[in-house]
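Residues per chain are reported as follows:
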Amino acid sequence: MGAAGLALSQVGLRPDPAHAAETVALQLSWLHSVQFAGSYIAQRNGWWRDAGLDVSLLQGGPNAPVEPPVVAGNALVGISAADYTAAAVAQGAPFKIIGVAMQKNPFVIASLPENAVRQPADLAGKRIGMAIANTPVLQALCQLNDVDFNAVQIVPTQYSAQPLISEDVDCLLCWETDLPVAMAMQGIKAVTMLMADHGYAVHSQTYIATEESLADRRDALVALMSGEVRGWNAYRADTDAAAALTVEMFPDAGLDLPTQKLQAQRQVPLMFSAQTDQHGFGWWSDEAVEDNIRTLALLGSKVTPDLWDRSILDAVHGG
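Residues numbered from 1 in each chain as written. Predicted model: local features only at pLDDT ≥ 70, side-chain atom pairs only at ≥ 80, totals over all residues. Heavy atoms only, no water.

A. Spotlight on the packing of aromatic side chains. Within this structure, the stated rule accounts for 5 aromatic pairs. Both rings, one in F107 and one in Y200, keep their centres 6.3 Å apart while their planes meet at 70°; by these two values the pair is edge-to-face. Of this pair, F107 sits in strand β5 (residues 107–111) while Y200 sits in the loop between β9 (191–194) and β10 (204–210), and the two are 93 residues apart along the sequence. Here F107 matches Y200 in class, with each residue buried. Here a set of aromatic residues connected by ring pairs shows up, and it is made of W232, Y235, F272 and F281. (Phe/Tyr/Trp six-rings, centres within 6.5 Å; stacked < 30°, edge-to-face > 60°. Helix = DSSP H or I, 4+ residues; strand = E, 2+ residues; numbered from the N terminus. Buried < 20%, exposed > 50% of the residue type's maximum accessible area, 1.4 Å probe, protein only.)

Below, the structure is given as C-alpha cells:
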C-alpha cells in the first residue's frame, strides 16, 4: 500500500538504533473506521517505527472526548475540529491546531432528488431532521446565506437516514461520508449540498497539540505528522486498499467493506485540494483561517489566527 504517492522528505527522522522508540498516542475523534485509515496505513507499514516512534491509536467515541487525554499528556496529538478546539481554549486549554485533514467541512444538507435542497435558499419551508445541539450550525448557514432561519422547521431526530427515507422530514443535517453513504448502500440516491460550498468554514478532523508539546516535543510531533502525511497520501492512491486494511485491522468493529470503500472514496475530495497538491497534506491558508474565524464567531466562539500553528507542517513538508 505504501508504494504510491510517498515521495516525501524524511526530514532527518531515522532513529538511532541504540535508542528505543518513543512511546506516544494519537487520540482519534471517533470509533474505528476508514475515517482514520491514513493513520492505520502509517502504523501497519511501520513508518512511525522507522521514525523512532511507537504510536498507539486511541479509539474515540461518544464517551471518549479528544481533549482531556491531550491536556493530560496521555496523548501527544488528538483529532478534533476547530469549533471543539475553540471551545476548549476558551476554557483555558493550551491547544494549537497543527494540521487540517479535512480541507472542507463534511457537513451537508441531504435530501431526496424529488424534493431536493441544492442551495441554502431551498431550505425555506423545509422540515430538517437534525440534533437540536446542531441548531447553531444551521443558524450560521442561514445567516451566511441570507436565509430566514425561522422559515426552516427543525425536527429533532436520531442520527439516522430513516426519517428522510420515510419522508418524515424533507432533509437531514449530516456528514457527507455517513448517512448519504448508508442510503447509497440501500440503493437510495441522496442529493447532498456541502455546506462548505456555501460559506460554512469550520476546519474538521484537525490535529491538536498542547503548547508545551510544541515547545518540548517538536521532534516527536514532526515524526508523528510525517507518518500521517505518508499514510494519507497512500490512502488517496488506493482507497479500496485503505478500506480493506481498516476492516482487516478491526474485525470486531462491525464494519462492512463495501460501505467502507464508498466512505473512503467520498472522503477524498474533502481532504485533498489544489492547495494540498501544492503545499502538502494537512496544509491550510491564511484565507481559510479568516473564513474559520468568521464562521466560528457565528457559532459563538471568538478566536484569533494564533490558534493555528503551521510550524510542524513546515518541518514535515520542508517549508
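B. Quick look at the packing of helix α10 (residues 239–249) against helix α11 (residues 257–271). Close contact between α10 and α11 brings their axes to 8 Å; oriented N to C, the two are set at 135°. The angle between α10 and α11 falls in the class oblique. The way α10 lies across α11 gives a crossing that is right-handed. Of the residues in α11, those in contact with T239, D240, A243, A244, T246 and V247 of α10 are L257, Q260, K261, A264, Q265 and V268. Counted by class, the contact of α10 with α11 contains 6 nonpolar, 4 polar and 2 charged residues. (Axes fitted to C-alpha atoms, helices over the stretch in contact; angles between N-to-C directions. Parallel < 35°, antiparallel > 145°, perpendicular 65-115°, else oblique. Left-handed = near helix turned anticlockwise from the far one by under 90°. Contact = heavy atoms within 4.5 Å. Nonpolar A, V, L, I, M, F, W, Y, C, P; charged D, E, K, R; others polar.)

C. Fine view of the layout of surface pockets. When its volume is computed, the second largest pocket comes out at roughly 290 Å³. The wall of the second largest pocket is formed by 20 residues, among which Q103, A201, H203, A288 and D291 lie closest to the centre. The greatest single-element share of the lining of the second largest pocket, amounting to 5 residues, is contributed by helix α13 (residues 286–298). Tallied by class, residues from the lining of the second largest pocket come to 8 nonpolar, 8 polar and 4 charged. (1 Å grid on protein atoms, 1.4 Å probe; cavity = no way out; pocket = protein on both sides within 12 Å on 5 of 7 lines; lining within 4 Å. Points joined across faces, edges and corners; volume = space filled by probe spheres on them.)

D. The nonpolar core, seen in detail. In terms of nonpolar packing, the biggest core is built from 85 residues, with I109 and W308 touching the most fellow members. In terms of residues, this core owes the most to one element, helix α9 (residues 218–237), which gives 10 residues. Not counting the four nearest positions on each side in its chain, W308 is found in contact with A82, I97, H203, W284, V289, N292, I293, L296 and V303. Counting residues in hydrophobic clusters, the runner-up holds 13 residues, among them A110, A161, C174 and L270. (Core = buried A, V, L, I, M, F, W, Y, C linked by side-chain atoms within 4.5 Å.)

E. Representation of the environment of G78. For G78, the location among the structural elements is in strand β3 (residues 77–81). In sequence terms G78 and V247 are 169 residues apart; their C-alpha atoms lie 22 Å from each other. With residues up to four places along the chain from it excluded, the contact list for G78 reads L26, Q27, V66, V70, T206, Y207 and I208.

F. Expanded view of the confidence of the model for the protein chain. Considering every residue of the protein chain, the mean pLDDT works out to 94; 94% of them sit at 70 or more. Throughout residues 1–18 the model reports pLDDT below 50, and contacts reaching past four residues in sequence, or to other chains, amount to 37 contacts. (pLDDT = per-residue confidence, 0-100.)

G. Summary view of helix α5 (residues 135–144). Where α5 is concerned, the buried positions are T135, V137, L138, A140, L141 and C142. In this fold, the buried residues of α5 make contact with β5, β6 (127–130), β7 (153–156), β8 (171–175), β9 and α13. Of the residues flanking the end of α5, it is D146, one or two places downstream, whose phi is positive at about 55°.

H. Spatial organisation of the sheet that holds β5. Taken in spatial order, the 5 strands make up an open sheet running β7-β6-β8-β5-β9, and their pairing is mixed. Edge positions in the open sheet fall to β7 and β9, since each of these has one partner strand only. Each adjacent strand pair in this sheet contributes to an overall mean axis angle of 30°, direction not counted. Of the strand pairs in this sheet, β6 and β7 are connected by 4 bridges, and their pairing is parallel. Following the sheet pairing, I128 is matched in β7 by I154. (Pairing = 2+ DSSP bridges.)

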